[in-house]
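Reading the structure
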Amino acid sequence: DEDLVLTADDINALISSNEDFKGKVFVEIENDQVSGKVSVPLDAVPMIGKGRYFNGSATFDVSMDGGVLIVTMVEAEVKGEPVPDEFMDAMQNENLAKNLYSDPDQATFMRQFDDIRVEDDKLYLRFKRPEPGEESSEEGSADAEDDSADEPDGDGDSAAEPDAGEPAGVGV
């Protein structure tokens, strides 16, 4: 089993497929740090008010905790100036990826991983691996599912019988 390795371009393609992040985050990975341009709503930040956005650049801490993706802002600036400490205190405690798991497809995708790290200017996601002696739940299940569809029904007649609610001779 190999890790999933993503470049910044790969991540930006994934971001653009999520309505919560599309147009709000553009990622770069340089010097083993995730950074980028952000436009995030400030609705959750006390004393800022609803309907306002943070538009600037930021560096993020990206990790997994208990199989959950955690993305927090480490530092940020607007127009080249650091943002006020009050803002950073609130944003550093906010998981910016919290809504990712509200989409069932994305939640299923993320549950495949048990670790994430930034290294060599790439993002590495480590797939969950079965414990020694534990079999994969997917092995063998696909083979057993459709075998009965290929077997005759035992009466030697391979033609389909009419549906119980359909009179004989009606249909094709």
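For every chain, the first residue of its written sequence is number 1, and the numbers climb from 1 along that sequence. Restriction of local features to residues with pLDDT of at least 70 applies here, the model being predicted, together with a cutoff of 80 or more for giving and counting side-chain atom pairs; totals for whole chains, interfaces and linings are based on all residues. Where side-chain values are given, they derive from all heavy atoms of the structure, hydrogens and water being excluded.

1. With respect to the layout of surface pockets
Empty space among the atoms can be located by rolling a probe the size of a water molecule over them. Rules: Definitions used throughout: a 1 Å grid over protein atoms alone; a cavity as a set of points that fits a 1.4 Å probe which cannot get out; a pocket as an open set with protein on both sides within 12 Å along at least five of seven lines; a lining residue as one with an atom within 4 Å of a point. Grid points are joined across faces, edges and corners, and a volume is the space filled by probe spheres set on the points. Only DSSP runs of H or I covering at least 4 residues are called helices, and only runs of E covering at least 2 are called strands; the numbering of each starts at the N terminus. Under the scheme applied, nonpolar residues are Ala, Val, Leu, Ile, Met, Phe, Trp, Tyr, Cys and Pro; charged residues are Asp, Glu, Lys and Arg; polar residues are all the others, including Gly.
In this model, the largest pocket occupies a volume close to 960 Å³. Along its surface, the largest pocket is lined by 40 residues, and Phe21, Val25, Val71, Leu96 and Ala97 are the ones closest to its centre. Counting residues per element, the ones that place at least two in the lining of the largest pocket are α1 (8-16), β2 (25-30), β3 (33-41), β4 (53-65), β5 (68-78), α2 (85-92), α3 (104-110) and β8 (122-127). Across the lining of the largest pocket, the residue classes break down as 29 nonpolar, five polar and six charged.

2. Structural notes on α2
The criterion, for reference: Residue exposure (1.4 Å probe, protein chains only): buried if accessible area is under 20% of the type maximum, exposed if over 50%, otherwise partly exposed. This arc is built from the directions going out from the helix axis to the C-beta atoms. Here a residue-residue contact requires only that any non-hydrogen atoms of the pair lie within 4.5 Å.
Residues of α2 that are buried: Phe87, Met88 and Met91. Down the axis of α2, the sector holding all buried residues measures 95°, keeping them to one side. In α2, those exposed residues whose orientation departs by more than 90 degrees from the buried face are Asp85 and Glu86. Here the buried face of α2 lies against β3, β4 and β5.

3. Structural notes on the pairing of β4
Basically, it comes down to this: The criterion for strand pairing is that DSSP finds at least two bridges linking the strands in question.
Of the strand pairs in this sheet, β3 and β4 are connected by eight bridges, and their pairing is antiparallel. Counterpart to valine 38 in the pairing with β4 is glycine 56. Alignment of β4 against β5, held across nine bridges, turns out to be antiparallel. Residue pairing in the sheet places aspartate 61 in a bridge with threonine 72 of β5.

4. Re the sheet that holds β3
Selection criterion: Here the axes come from fitting lines to C-alpha atoms, over the contacting stretch only for helices, and the angles between their N-to-C directions go from 0 to 180 degrees.
With antiparallel pairing, five strands are arranged side by side in an open sheet as β2-β3-β4-β5-β6. One side of each edge strand has no neighbouring strand; the edge strands of this open sheet are β2 and β6 (81-82). Packing against the sheet, α2 makes contact with β3, β4 and β5, and its axis sits at approximately 170° to β5.

5. Brief notes about the sheet that holds strand β1 (residues 4-6)
Sheets are built from strands paired through backbone hydrogen bonds, the pairs being either parallel or antiparallel. In space, the three strands of this open sheet follow the order β1-β8-β7, with antiparallel pairing throughout. If you trace the sheet from one side to the other, it starts and ends with β1 and β7 (113-119), each paired once. On average, adjacent strands in this sheet sit at an angle of 20° to one another, irrespective of strand direction. The pairing of β1 with β8 spans three bridges and is antiparallel. Counted as the bridge partner of leucine 6 is leucine 123 from β8.

6. Some remarks on the packing of aromatic side chains
The cut-off we apply is this: Pairing of aromatic rings covers Phe, Tyr and Trp, the last counted by its six-membered ring, and requires centre-to-centre distances within 6.5 Å; plane angles under 30 degrees mean stacked, over 60 mean edge-to-face, and any other angle means tilted.
Considering all chains together, one arrives at two aromatic pairs under this definition. Taken together, a centroid distance of 5.3 Å and an interplanar angle of 70° make the contact between phenylalanine 109 and phenylalanine 113 edge-to-face. Take phenylalanine 109: its relative accessible area is 32%, and that puts it in the partly exposed class. With a relative accessible area of 0%, phenylalanine 113 lands in the buried category.

7. Looking at the environment of serine 57
Inspection of the secondary structure assignment puts serine 57 in strand β4. Sequence spacing of serine 57 and glycine 36 is 21 residues, and the spatial spacing of their C-alpha atoms is 5.5 Å. Excluding anything up to four places from it in sequence, serine 57 contacts Gly36, Lys37, Glu75, Ala76 and Glu77.

Function-wise, these values are silent; they only describe arrangement.
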